[in-house]
Amino acid sequence: MASVHSNNEELETKEMDTRSMSSSRNHSQGTPYIHKVGLPPKQKLFKEFTNTIKETFFSDDPLRPFKHQPKSRKFILGVQAIFPIFEWGRGYNLLKFKGDLIAGLTIASLCIPQDIGYSKLANLAPQYGLYSSFVPPLIYAIMGSSRDIAIGPVAVVSLLLGTLLRNEIDPNTNPVDYRRLAFTATFFAGITQATLGILRMGFLIDFLSHAAIVGFMGGAAITIALQQLKGFLGIKKFTKKTDIVSVMQSVFQSAHHGWNWQTMVIGASFLTFLLFAKYIGKKKKNLFWVPAIAPLISVILSTFFVYITHAEKNGVEIVRHIEKGINPPSVNEIFFTGDYLAKGFKIGVVAGMIALTEAIAIGRTFATMKDYQLDGNKEMVALGTMNIVGSMTSCYVSTGSFSRSAVNYMAGCQTAVSNIVMSCVVFLTLKFITPLFKYTPNAILAAIIISAVINLIDFQAAILIWKIDKFDFVACMGAFFGVIFASVEIGLLIAVSISFAKILLQVTRPRTAILGKIPNTTVYRNIQQYPEASKVPGVMIVRVDSAIYFSNSNYIKERILRWLADEEELLKEAYLPSIEFLVVEMSPVTDIDTSGIHALEELHSSLQKRDIQLVLANPGPVVIDKIHASHVANLIGEDRIFLTVAEAVSSCSPKLVEEA
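Quick caveat, the model's predicted, so the values are computed rather than measured. (Residues numbered from 1 in each chain as written. Predicted model: local features only at pLDDT ≥ 70, side-chain atom pairs only at ≥ 80, totals over all residues. Heavy atoms only, no water.)

1. Thoughts on the packing of helix α13 (residues 261-283) against helix α19 (residues 442-453)
Then comes step 1: Close contact between α13 and α19 brings their axes to 8 Å; oriented N to C, the two are set at 35°. Crossing angle aside, the handedness with which α13 passes α19 is right-handed. Contact residues: T263, I266, G267, F270, L271, L274, L275 and K278 in α13; A443, I444, A447, I448, I450, S451 and A452 in α19.
Then comes step 2: Here the residues of the contact of α13 with α19 are counted per class, giving eleven nonpolar, three polar and one charged. (Axes fitted to C-alpha atoms, helices over the stretch in contact; angles between N-to-C directions. Helix = DSSP H or I, 4+ residues; strand = E, 2+ residues; numbered from the N terminus. Left-handed = near helix turned anticlockwise from the far one by under 90°. Contact = heavy atoms within 4.5 Å. Nonpolar A, V, L, I, M, F, W, Y, C, P; charged D, E, K, R; others polar.)

Written out as structure tokens, the structure reads:
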């Protein structure tokens, strides 16, 4: 029986060795059992490729609801996937409509004066801002998956679009081609957004870090506010540049003869009123409607004041004319050929990405607050479709608005029907009310925009970024100062560049650490984080906190050798035993490429010349598979690959570890 049992044990050991290809070790009685590092089963190349594609583009498993469903049900689910309104619309009731009606009317009162002002930022006639709050919200309500986003023109995208378009065409000398280029850019913004959603490449927008967005938005807010000084002070000759130096020079040069005191009184008094309304709304949450209707009240009062006093005769600039009627078709105005096609495409891609980033950020924020899931790819398709349709109906780039979405949420919106209600109010405004805006002073529009963009300057977020990550703060400030002192596009370029620089720095210069043994445990941790952790005599333990790729493999090898040289120098000065074993803790190493394998071979060769044995601890499934495939396991020795650092140290130097 004993011999049979022994044979079974030998067979079991051979089977485990064949399956895992782990290091086999002979243990005498009394020594601790050393666990083997398992080798994952070999995957077929096609299966491995499909799994990678699935995790990259279909990580949310969008086809899961279609499994084991009849064809009729699959068709219904497919329609609901494209048009979510058919899914949530089934449970829609009068109580939800009541919430949506109040929210829709509230955001409509906010959006109408904002739209007129934002269209000026884009250097377009006032009606185009209203057009962009009529058609796009209707499309989004049918296709969007967020319950809280309020759709329409926004300050940052309007300024960005206006700046980029003006670099190509002067809106004053050639307004027709300028407008056509705006529609072309909107079309390609929609194409960009929809394509990213269809191809499920939404992860690309995550490359613009939160810190960069905070800085970019803050800089854009100040730039937008400075641009409003023209209308706020009644300046007629104003610089076309957006940087703070040019703007302030233009303001002070016109101080003696270009400012209009009546305009300043109107602007200052209503800006004070708007800021006071915002203060009330923040202090008492149940009075959220006060800052929401304050802009419309300001427009009505200021328009009435100018009308009865005829202040326009004393130099007060007014809107004068807003085209009456709903959106005219503009398909034939889009540049599908010619020199402006490429320019429209370039501007559209940039504006579309910024609009997409803002909308997704807003959607995710409110989805978290209400505890529901937001499908980012569906959002991109919805936003893209609404901008494509918008470009064909005289709209410019629309997206989710921070201020309107917050008001929408506070007003108790239940679904995207609040966007439909807002759109209906804008429709009635375009159809019947636009002539009443004739005497609206530009100063009030400037005051409304200034009060709206102030919230984009997030000091608390910047302070938190400084406390958490100094490099992120550099990205934040780089984007901020780039927008203020150069231009919106330069600020955006700096934001993206610094974000990519951070990624490259982290990839090419990963963190490494020397580990020590926590007293009375078998746990090994970073000696800088845990000063009480003690080094094991004769053994140096290094952890690599990154995948090992061609971009960092040489650095990691040299960094480890520098650690080793420093340690040997300290030991020599203290007359302590020299290093005999170098243990590399590989738990955080998620992957390794051929350059990484080559670096391991070079490290092993360098250590051999110093009579130091290389030992690996806990390589992951991908790493151990590649180590065996490249025969590095044979080079190092399969008995020098361990499951844990504790087992590696106890196997290499059992007496020394007991002393430590």
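2. Re the state of the cysteines
What is meant by a disulfide is a covalent connection between two cysteines, made through their sulfur atoms.
Then comes step 1: In total, this model carries zero disulfides according to the counting rule given.
Then comes step 2: Between C111, a cysteine without a disulfide, and C424, which holds the nearest cysteine sulfur, the sulfur-to-sulfur distance is 12 Å.
Then comes step 3: Accessibility expressed as a relative area gives 42% for C424, which makes it partly exposed. (Disulfide = S-S within 2.5 Å. Buried < 20%, exposed > 50% of the residue type's maximum accessible area, 1.4 Å probe, protein only.)

3. Re the packing of aromatic side chains
Then comes step 1: Scanning the entire structure with this criterion turns up 14 aromatic pairs.
Then comes step 2: Taking the centre distance of 5.2 Å and the plane angle of 65° together, the rings of Y307 and Y439 count as edge-to-face. Note that Y307 is positioned in helix α14 (residues 289-309) and Y439 in the loop between α18 (417-433) and α19, a separation of 132 residues in sequence.
Then comes step 3: Judged by relative accessible area, which is 19%, Y439 ranks as buried. (Phe/Tyr/Trp six-rings, centres within 6.5 Å; stacked < 30°, edge-to-face > 60°.)

4. Looking at the side chain of E358
Then comes step 1: As for its position among the elements, E358 is in helix α15 (residues 339-370).
Then comes step 2: Notably, E358 is buried but unbridged: the nearest opposite-charge side chain belongs to R404, and the N-O separation is 9.1 Å. (Lys, Arg positive; Asp, Glu negative; His and termini not counted. Salt bridge = Lys/Arg side-chain N within 4 Å of Asp/Glu carboxyl O.)

5. Structural notes on the packing of helix α8 (residues 155-168) against helix α9 (residues 175-198)
Angle between the axes and distance between the axes: these two values describe a pair of packed helices.
Then comes step 1: Viewed as axis vectors pointing N to C, α8 and α9 meet at an angle of 125°, and their least axial separation amounts to 10 Å. In terms of axis orientation, α8 runs oblique to α9. Crossing handedness for the pair α8 and α9: right-handed. Between α8 and α9, the residues in contact are L161, G162, L165, R166 and E168 and Y178, L181, A182 and A185, respectively.
Then comes step 2: Its residues assigned to classes, the contact of α8 with α9 shows six nonpolar, one polar and two charged. (Parallel < 35°, antiparallel > 145°, perpendicular 65-115°, else oblique.)

6. Details of the pairing of strand β3 (residues 512-517)
Regular strands show a simple pattern: their side chains alternate between the two faces of the sheet.
Then comes step 1: Counting buried positions over the six residues of β3 gives six, a clear majority of the element.
Then comes step 2: Alternating positions in β3 separate into two faces, T512, I514 and G516 on one and A513, L515 and K517 on the other, with burial throughout.
Then comes step 3: Bridge count for β3 against strand β5 (residues 539-544) is four bridges, and the pairing is antiparallel. Pairing of I514 across the sheet is with V542, part of β5.
Then comes step 4: Pairing geometry for β3 and strand β4 (residues 524-526), over three bridges, is antiparallel. Within β4, the position partnered with L515 by the bridge is N526. (Pairing = 2+ DSSP bridges.)

7. Digging into empty space enclosed by the protein
Then comes step 1: For the structure shown, the criterion picks out three cavities of 30 Å³ or more.
Then comes step 2: In this model, the largest cavity occupies a volume close to 90 Å³.
Then comes step 3: If you trace the largest cavity, you find 13 residues lining it, with I548, I556, I560, L600 and L603 closest to the centre.
Then comes step 4: At the level of secondary structure, the elements contributing two or more residues to the lining of the largest cavity comprise α23 (553-573) and α24 (594-609).
Then comes step 5: By residue class, the composition of the lining of the largest cavity is ten nonpolar, two polar and one charged.
Then comes step 6: What the second largest cavity holds in volume is close to 40 Å³. (1 Å grid on protein atoms, 1.4 Å probe; cavity = no way out; pocket = protein on both sides within 12 Å on 5 of 7 lines; lining within 4 Å. Points joined across faces, edges and corners; volume = space filled by probe spheres on them.)

8. Details of the environment of P175
Then comes step 1: Within the element layout of this structure, P175 appears in helix α9.
Then comes step 2: Taking the C-alpha atoms as reference points, P175 and A125, 50 residues apart in sequence, are found 9.6 Å from one another.

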